[in-house]
Amino acid sequence: MTKWDDLRRLHDVNKDRHILELFDESRAGDFSVRADGMLFDYSKTNIDTATRAALVKLAEVSGVAEKRAAMFRGEKINDTEGRAVLHVALRAGDEAVIKVDGADVLPEVRRIRAACAAFARDVRSGGFKGQGGRITDVVNIGIGGSDLGPAMAYLALQPFADGPRCHFVSNVDGAHIHDTLKGLNPETTLVIVASKTFTTIETMTNADTAKRWMAATVANPAAQFAAVSTAGDKTAAYGIDPARVFGFEDWVGGRYSMWGPIGLALMIAVGPEAFDQFLAGGRAMDRHFLTADFAQNMPVMLALVGVWHNQLCDYATRAVLPYDQRLARLPAYLQQLEMESNGKRVAVDGSDLTVNSGPVVWGEPGTNGQHAFYQLIHQGTRVIPCEFLVARKGHEPDLAHQHLLLVSNCLAQAEALLRGRSLEAARAIMAKKGATGAELERQARHRVFPGNRPSTVLAYDLLTPFVLGQIIALYEHRVFVEGVILGINSYDQWGVELGKELALALQPVLEGKAGTEGKDGSTAALVDFLRG
C-alpha cells in the first residue's frame, strides 16, 4: 500500500465520467474557496467529494502541516543546502518574530527594507540625481529570479507606476542590453545590478556593458549604479557606494526574492507605500495558508488540484491563462517558480521518485491565446488543464465595455472546455447551413468539441498591489504543498549548474584558445561552424 493507492482507485473508477454529471445546485459553492476577497473555483474538474477527501488525506499523511510549520519557524527545510526557506519573512508583519539558528532575522529584514524605501523615495523625489538631472529611467540588470519577478510585477502594477520608467535586462544576448539602452539618456539613468554574489556571468557581462555605455557620457558612471548583492567587497571594487548596496540572506531563494531588495526597481516605480500593500497581500495569503482547514485552504486546494491532474490523471502540462493583459508575464514567472522548484527526479532522501514530478507550465494572456493555441486545448488529442485568472473590473472605467467583453470571453472558454459540442449538435449546425449526406457528416465531425476538459478560475476584484501580493504568495505556497507531497526539496536548483559549467568550458573553445577534444561529434561540428 502507498499513499497514492486510494486516489489511483478513484481515478480508475471515474476517469471516463463527464464533469457535467457532478453539477447540482450546490457544486459551484462547495468546490470553491474564498480568501480575503479572492475566489478560487475548481468545480469544473473531475474532483468529487470522495476524491477531495482522499486528496486532503494525501496532504495530511505527506506532512504538509508539519512542514509548513517548520518553514514558518525558520527551520532548515532546504536540507541539500542546509538553509532555511524564509521568503515569508520578507513580508512578515511588524510584530512577527522568526528565528534562524536562535536569532530573530526580522530586525535586519526591516532595516534593509527601510533603507530600500529611503533610497526609492530619494530617487522618486529627485533628491538622488543623475549627472544630468533627475532620474528618468531605471535599468534593472539581473537574471532568473532577479529579473522575472520585478519585471512581471512592474507590468502588472502599471496603474500605480508613477515613478521613473523601469526597464529589465536579463539575457546575455547583446541585443537585449543594446535595445534597452538605445534611446535612454546616460545622464539620467539609474542602473541596478541584481546579483547576490556579484559574479553571475550574464548579469555582470550586461552590467559591464551598461557601465561602458554610461562612461562614454558621464564622468563617474558608478555614481549612477546601485546593487542588490551581499558581496560588499565586489560592489566596492565596482565603485558602488555602500549606501546603495542592499543585501539579503541565503535563506531567500532567487525565484522567491522580489519581496525584498530584489524588488527595489518595483519600489522605485510604484513607491514604498504601494510596495507595502504588495507585501500586505502576500502576508494575508500567508495568514490564510497557516490557519484555514485544508479543504478551505486556497493554496492547499490549488496544489491538490494540480496533483490530481498531473500525478493522477497524467496530464503533463498546465496552461496559465490570465484574462488580464497586465499579467502577461505571469506565466513566464510561474514557469520558473514551479518548474525550477519542482522539476526534480529524486526525493529528499536521494531515492528515485515513484511518480512524475512537476508539470510543464506555460500560457499567454486571453484573449490573445484564443487566436493561437486554444485550438489545441479544445480539439487536440491531449487534455491540458487550464487555470484562468480574471478581475471583476479593470482600471479604465471609460473602457468598462471592453472589460465586460474580456470577462465574457474568459467564462465562455471555461464553459466551452467543460461542455464541448456533441456530434449531434454539430450535425444540426451543418444541416441548418444546407449541408446534406456525406458532406454534412464530414463537416460536422470537424465541429465536434470533446468537452469534459478541466479548468479552474481565480477571480478577484481589481489587480492592485495587494491582490498581486495575494496571487504570488498563493502560487508560492502551491509549489510548497506540491513539493511536500512529492517528497522533494523545492528550494534547490542543481539542474541549473551543469549547463553553466559546460558554457564556461566552451567559451575558450569558441574563442579559438582551446580545441574540441573530448567533445561529442555534434558539439565539435557546431563549434567549427559557429567559429567560422
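Overview of the structure.

We now examine helix α5 (residues 106–125). An ideal rise of 1.5 Å per residue puts 28 Å on 20 residues; α5 measures up with 28 Å between its terminal C-alpha atoms. When we look at burial in α5, the residues that qualify are L106, V109, I112, R113, C116, A117, F119, A120 and V123. Viewed along the axis of α5, the buried residues span an arc of 165 degrees, placing them on a single side of the element. Packed against the buried residues of α5 are β4 (103–104), β9 (189–194), β10 (225–228), β11 (245–246), α10 (264–270) and α11 (272–291). Phi turns positive one or two residues past the end of α5, at G126, with a value near 90 degrees.

Let's shift gears to the sheet that holds strand β14 (residues 386–391). If you trace the six strands from one edge of the open sheet to the other, you get β1-β2-β15-β14-β12-β13, paired in mixed fashion. For this open sheet the edge positions go to β1 (32–35) and β13 (360–362), each flanked by a neighbour on one side alone. In this sheet, neighbouring strand axes are inclined to one another by 15 degrees on average, regardless of whether the strands run parallel or antiparallel. Relative to strand β15 (residues 455–460), β14 runs parallel, the two being bridged by six bridges. The partner of C386 across the bridge, within β15, is S455. Contacts between helix α13 (residues 330–342) and the sheet are confined to β12 (317–323), β13 and β14, with β13 contributing the most and set at about 165 degrees to the helix.

Bringing the nonpolar core into the picture now. L190, W251, L330, L468 and I471 are the most contacted members of the largest nonpolar core, which has 119 residues in total. Among the elements that line this core, the one with the most residues is helix α18 (residues 465–486), at 13 residues. Apart from residues no more than four positions distant in its own chain, L330 is found in contact with M152, V320, L389, I471 and I472. Ranked by size, the runner-up nonpolar core spans 20 residues in total, among them V139, I177, V191 and A227.

One pass over the full model with this rule turns up 14 aromatic pairs. Taken together, a centroid distance of 5.9 Å and an interplanar angle of 50 degrees make the contact between Y323 and F388 tilted. One end of the pair, Y323, is in strand β12; the other, F388, is in strand β14, and 65 residues separate them in sequence. No difference in accessibility class separates Y323 from F388, as the two residues are buried. Each residue in the set F31, F40 and Y42 is aromatic and connected to the rest through ring pairs, giving one cluster. Positioned over the ring face of F31 is R27, at 4.1 Å from the centre of the ring.

What follows concerns the sheet that holds strand β8 (residues 165–169). Taken in spatial order, the five strands make up an open sheet running β8-β7-β9-β10-β11, and their pairing is parallel. Each of the sheet's edge strands pairs with one partner strand only, and the pair in question is β8 and β11. Direction of pairing for strand β7 (residues 137–141) relative to β8: parallel, over a ladder of five bridges. Bridge pairing in β8 places V138 opposite C166. The strands touched by helix α8 (residues 201–215) are β7, β8, β9 and β10; relative to β9, the strand with the most contacts, the crossing angle is about 160 degrees.

The rules behind these values
- Residues numbered from 1 in each chain as written.
- Predicted model: local features only at pLDDT ≥ 70, side-chain atom pairs only at ≥ 80, totals over all residues.
- Heavy atoms only, no water.
- Helix = DSSP H or I, 4+ residues; strand = E, 2+ residues; numbered from the N terminus.
- Expected span 1.5 Å × (residues − 1).
- Buried < 20%, exposed > 50% of the residue type's maximum accessible area, 1.4 Å probe, protein only.
- Arc of directions from axis to C-beta.
- Contact = heavy atoms within 4.5 Å.
- Pairing = 2+ DSSP bridges.
- Axes fitted to C-alpha atoms, helices over the stretch in contact; angles between N-to-C directions.
- Core = buried A, V, L, I, M, F, W, Y, C linked by side-chain atoms within 4.5 Å.
- Phe/Tyr/Trp six-rings, centres within 6.5 Å; stacked < 30°, edge-to-face > 60°.
- Lys NZ or Arg CZ within 6 Å of the ring centre and 35° of its normal.

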